[in-house]
Amino acid sequence: MKQYRIDGAEVHGISDLYVQFNRALMTDQDWRLGQSLDGLNDVLYRVDGEIRADHPATFVWIDHAHSREALGFDETQRWLQNKLSQPNSFNQQRIQADLDELRSGVGKTYFELILEIFADHPLIELQLR
């Protein structure tokens, strides 16, 4: 079984999370995963492609509660506001709607978005510890 480890105690924000993903996933690559949900999804598709029935992949996210808090409301709001400050790079209406939902209590945090991405990869097991 291929096992990847994410040290949640080392995650204090989005950039720290990608340090963890790069440490776990990109050791044999000559490039680094940027701070991108789409990029993470693409890399997980690569992991999907490497999985064999008798060699499943598992991500063990230790101290995930620390990450959940670090990637919660405040960090997600900063991330969305940063996207709003780049009107030529992102769909401003979509980002504003995401921010409004977050502020109203029904939007997803960055941590929850990461969990959704992992859920889209049923061949990969995510263990939150």
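Residues numbered from 1 in each chain as written. Predicted model: local features only at pLDDT ≥ 70, side-chain atom pairs only at ≥ 80, totals over all residues. Heavy atoms only, no water.

**A closer look at unusual backbone geometry**
With a phi close to 50°, Asp63 is a non-glycine residue in the positive phi region. Along the polypeptide, Asp63 turns up in the loop between strand E2 (57-62) and helix H3 (64-70). Owing to a relative accessible area of 39%, Asp63 belongs among the partly exposed residues under this scheme. (Helix = DSSP H or I, 4+ residues; strand = E, 2+ residues; numbered from the N terminus. Buried < 20%, exposed > 50% of the residue type's maximum accessible area, 1.4 Å probe, protein only.)

**Some thoughts on the domain arrangement of the protein**
Split by domain assignment, the protein resolves into domain 1 (2-72 + 110-128) and domain 2 (73-108). Computed over C-alpha atoms only, the centres of domain 1 and domain 2 are separated by 22 Å. On the domain 2 side, the residues contacting the 10 residues of domain 1 number 7 residues. When the two sides are added together, the surface that domain 1 and domain 2 hide from each other amounts to roughly 730 Å², 59% of it contributed by carbon and sulfur. For domain 1, the biggest contributors to the area lost against domain 2 are Ile14, Gly72 and Tyr110; these three give 52% of the whole. Where domain 1 meets domain 2, there are 1 salt bridge. (Domains from an automatic or database assignment. Contact = heavy atoms within 4.5 Å. Buried area = accessible area lost by both parts, 1.4 Å probe. Salt bridge = Lys/Arg side-chain N within 4 Å of Asp/Glu carboxyl O.)

**What to know about the nonpolar core**
Counting 33 residues, the largest nonpolar core has Leu17, Tyr18, Phe21, Leu25, Leu40, Tyr110 and Ile114 as the members making the most contacts within it. At the level of secondary structure, the elements contributing two or more residues to this core comprise strand E1 (2-7), helix H1 (14-25), helix H2 (37-50), E2, helix H4 (73-84), helix H5 (92-104) and helix H6 (110-119). (Core = buried A, V, L, I, M, F, W, Y, C linked by side-chain atoms within 4.5 Å.)

**Notes on the sheet that holds strand E3 (residues 124-128)**
The sheet built from 3 strands is open, its strands ordered E1-E2-E3 with parallel pairing. Where the open sheet ends on each side, the last strands, each with one partner, are E1 and E3. Between one strand and the next, the sheet's axes are offset by a mean angle of 20°, whatever the strand orientation. Judged from the 5 bridges that link them, E2 and E3 form a sheet pairing that is parallel. (Pairing = 2+ DSSP bridges. Axes fitted to C-alpha atoms, helices over the stretch in contact; angles between N-to-C directions.)

**Remarks on the packing of aromatic side chains**
Scanning the model with the defined rule gives 6 aromatic pairs in all. Ring centres 4.7 Å apart and planes at 85° place the aromatic pair Trp79 and Tyr110 in the edge-to-face group. With Trp79 in helix H4 and Tyr110 in helix H6, this residue pair connects regions lying 31 residues apart in the sequence. Given a relative accessible area of 18%, Trp79 falls into the buried group. Among the aromatic residues, those joined into a ring-pair cluster are Tyr4, Tyr18, Phe21, Phe59 and Phe118. (Phe/Tyr/Trp six-rings, centres within 6.5 Å; stacked < 30°, edge-to-face > 60°.)

**Comments concerning the packing of H1 against H6**
H6 packs onto H1 with a crossing angle of 30° between their chain directions and a minimal axis gap of 11 Å. As the angle between them shows, H1 and H6 are arranged roughly parallel. Helix-helix and strand crossings are classified by hand; for H1 and H6 the assignment is right-handed. Every residue of H6 that contacts H1 at Ile14, Leu17, Tyr18 and Phe21 is listed here: Tyr110, Ile114 and Phe118. Here the contact of H1 with H6 is built from residues that sort into 7 nonpolar, no polar and no charged. (Parallel < 35°, antiparallel > 145°, perpendicular 65-115°, else oblique. Left-handed = near helix turned anticlockwise from the far one by under 90°. Nonpolar A, V, L, I, M, F, W, Y, C, P; charged D, E, K, R; others polar.)

**Concerning H6**
The set of residues buried in H6 consists of Tyr110, Phe111, Leu113, Ile114, Ile117 and Phe118. Axial view of H6: buried residues confined to an arc of 160°, hence all on one face. Contact partners of the buried residues in H6: H1, H2, E2, H3, H4 and E3. (Arc of directions from axis to C-beta.)

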